[in-house]
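# Observations on the model geometry
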Amino acid sequence: MPDYVDLVDLIVKRLVTKPEAVKVTEERSDSGVILISIRVDAEDIGRVIGKKGSTINSIRHVAKAASIKSGEKVDVDVEED
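Note that the structure is a prediction, hence the values are computed from the model and not measured.

Quick notes on the rules
- Residues numbered from 1 in each chain as written.
- Predicted model: local features only at pLDDT ≥ 70, side-chain atom pairs only at ≥ 80, totals over all residues.
- Heavy atoms only, no water.
- Core = buried A, V, L, I, M, F, W, Y, C linked by side-chain atoms within 4.5 Å.
- Buried < 20%, exposed > 50% of the residue type's maximum accessible area, 1.4 Å probe, protein only.
- Helix = DSSP H or I, 4+ residues; strand = E, 2+ residues; numbered from the N terminus.
- Contact = heavy atoms within 4.5 Å.
- Pairing = 2+ DSSP bridges.
- Axes fitted to C-alpha atoms, helices over the stretch in contact; angles between N-to-C directions.

The next subject is the nonpolar core. Residues Val-8, Val-12, Ile-36, Ile-38, Val-40, Val-74 and Val-76 are the most contacted members of the largest nonpolar core, which totals 18 residues. For this core, the secondary-structure elements that each account for two or more residues are helix H1 (4-15), strand S2 (33-39), helix H2 (45-49), helix H3 (54-67) and strand S3 (73-79). Considering every element that reaches this core, the biggest residue donor is H1, with four residues. Excluding anything up to four places from it in sequence, Val-8 contacts Val-24, Ile-36, Ile-38 and Ile-59.

With that settled, the discussion passes to the sheet that holds S2. Strand order across the open sheet formed by three strands is S1-S2-S3, with mixed pairing between neighbours. Of all strands in the sheet, those with a lone pairing partner are strand S1 (23-28) and S3, marking the two edges. Mean inter-strand twist for the sheet, computed between neighbouring axes without regard to direction, equals 20 degrees. The pairing of S2 with S3 spans seven bridges and is parallel. Pairing of Ile-34 across the sheet is with Val-74, part of S3.

This is the structure we're talking about:
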């Protein structure tokens, strides 16, 4: 089973200006969906989301591609403080 937290953490830390503020957590629902939550410094939230959501959508695609072999459903969200 892939470690989605490490995968998303690696990608996001390379995008932001304050990588020490990045926090990626994983939560599993009863229905089997894995929710990956990303928290970054307020200054970097635009970098993670990207124009029209293109960057966060790309991160979601990478996480979903990593989950295909194991058959898991993964969702990635950015949370604001």
